[in-house]
Amino acid sequence: MDLSVVIPIRDEKDNLRLLHRRLHEVLDPLGLDFEIVFVDDGSTDGSVQVLEELALSDGRTRVIVLRRNYGQTQALRAGIDFAAGSVIVTMDGDLQNDPADIPELLRVLEQGYDVVFGWRQHRQDGLWLRKIPSWLANALIRAVTSTPVRDLGCTLRAMTRQAAQELSLYGEMHRFIPVLSLECGHRTVQIPVRHHPRRFGKTKYTLSRSFRVALDLITVKFLHSYLTRPMHVFGGGGLLCLAGSVLALGVTLLEKLAWQEDMTGNPLLLLSVLLTVVGVQFISLGLIGEVLVRTYYESQGKRAYRIRRTWNCEPDRERRAKAA
């Protein structure tokens, strides 16, 4: 199959038929063998019944109904796992993404990219509750992770099947897909796409998500930069604490020798002891992390790298078999 369009939805009953019709209007003229994969993430408004009707009337429409609301990341992962296309396009089910942008995404993807991200340059959302928090979150993520993608929250994107399968999607990592793609070494590009105001239903976005983004960003930064070298994080913090401990102890001794200050009542002495304990704990965590990383990779035969392609290279097992 050439193309799979994966659409996680939750409570989008009034948008589904129109979205389905628009997708066919765009995709049918392309002459591709395609499928539309809807993933229902715990809808309670009758969306499942509408999806059932669409699936019964159109053999190219697949429907996956999750047992409960697992979140957009898990719904997206389920859609990618069930998709059969060599190219996977993801988009929202609220009609704010425009299916008419899909042909351009596919055209750019054919130029040799692994992922093409949409960039909503003219967002049709509320200023205070959507645009400003999104701008701040995007700026923070770009600053921390050095990701060049400007609109990390745009769900409209096209990926090769291999790139989609390499994404480690869990928790609420769907908003960090550009960062995960960078970590995987994917060749990426972003192009402008249209964005429409929501016509039916209610947005699932709340300001509480902005705070969760900050927490998830800590995880992403660690996994992106320090997964295979945790000692650089914990060991660095430990060395800073030990240096502060030595400095505090030095000041305490100086006060004792120069001004005959009482060491036992000096708070700097307590600070020195505290920083020593914390520094040793940080370094110990770094050592434990190094052991866990090696156990993680070596016990499962995992590698800390990914290969784009090879020529005339055979797996070691086959090469040894031929030699024997």
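Look up a bit, the structure's there.
Quick notes on the rules
- Residues numbered from 1 in each chain as written.
- Predicted model: local features only at pLDDT ≥ 70, side-chain atom pairs only at ≥ 80, totals over all residues.
- Heavy atoms only, no water.
- Pairing = 2+ DSSP bridges.
- Helix = DSSP H or I, 4+ residues; strand = E, 2+ residues; numbered from the N terminus.
- Axes fitted to C-alpha atoms, helices over the stretch in contact; angles between N-to-C directions.
- Contact = heavy atoms within 4.5 Å.
- Buried < 20%, exposed > 50% of the residue type's maximum accessible area, 1.4 Å probe, protein only.
- Core = buried A, V, L, I, M, F, W, Y, C linked by side-chain atoms within 4.5 Å.

Caption draft 1: Geometry of the sheet that holds strand E4 (residues 87-90). Strand order across the open sheet formed by 7 strands is E3-E2-E1-E4-E6-E5-E7, with mixed pairing between neighbours. Sheet topology places strand E3 (61-65) and strand E7 (188-193) at the edges, where each strand pairs with a single neighbour. Within the sheet, the average angular offset between the axes of one strand and its neighbour, ignoring direction, is 20°. Strand direction decides the pairing type here: E4 and strand E6 (residues 157-160), joined by 4 bridges, are antiparallel. The residue of E6 that forms the bridge with Val 89 is Ala 158. Contacts from helix H1 (residues 13-27) reach strand E1 (3-9), strand E2 (34-40) and E3, with the element oriented near 160° to E2.

Caption draft 2: Up close: the pairing of E4. Residues Val 87 and Val 89 of E4 are buried on one face, and the alternating residues Ile 88 and Thr 90, pointing to the opposite face, are buried as well. The pairing of E1 with E4 spans 4 bridges and is parallel. If you follow Ser 4 over to E4, its bridge partner there is Ile 88.

Caption draft 3: Structural context of helix H7 (residues 177-184). With 6 of its 8 residues buried, H7 lies for the most part within the structure. Taken together, the buried positions of H7 are Ile 177, Pro 178, Val 179, Leu 180, Ser 181 and Cys 184. Positioned one or two residues after H7, Gly 185 has a phi angle of 80°, which is positive.

Caption draft 4: Layout of the environment of His 122. Here His 122 is to be found in the loop between strand E5 (115-120) and helix H5 (127-145). Once the C-alpha coordinates of His 122 and Val 193 are considered, the two residues, 71 residues apart in sequence, prove to be 8.7 Å apart.

Caption draft 5: Representation of the nonpolar core within the structure. Ranked by size, the top nonpolar core spans 31 residues in total, and within it Val 5, Ile 7 and Phe 38 carry the most contacts. Contributions of two or more residues to this core are made by E1, H1, E2, helix H2 (47-57), E4, helix H4 (102-109) and E7. For this core, the leading source of residues is H1, giving 6 residues. When residues no more than four places from it in sequence are discounted, the contact partners of Val 5 are Leu 23, Leu 27, Glu 35, Ile 36, Val 37, Val 89, Met 91 and Ile 102. Membership of the second largest hydrophobic core comes to 30 residues, among which are Leu 152, Ala 163, Val 213 and Leu 217.

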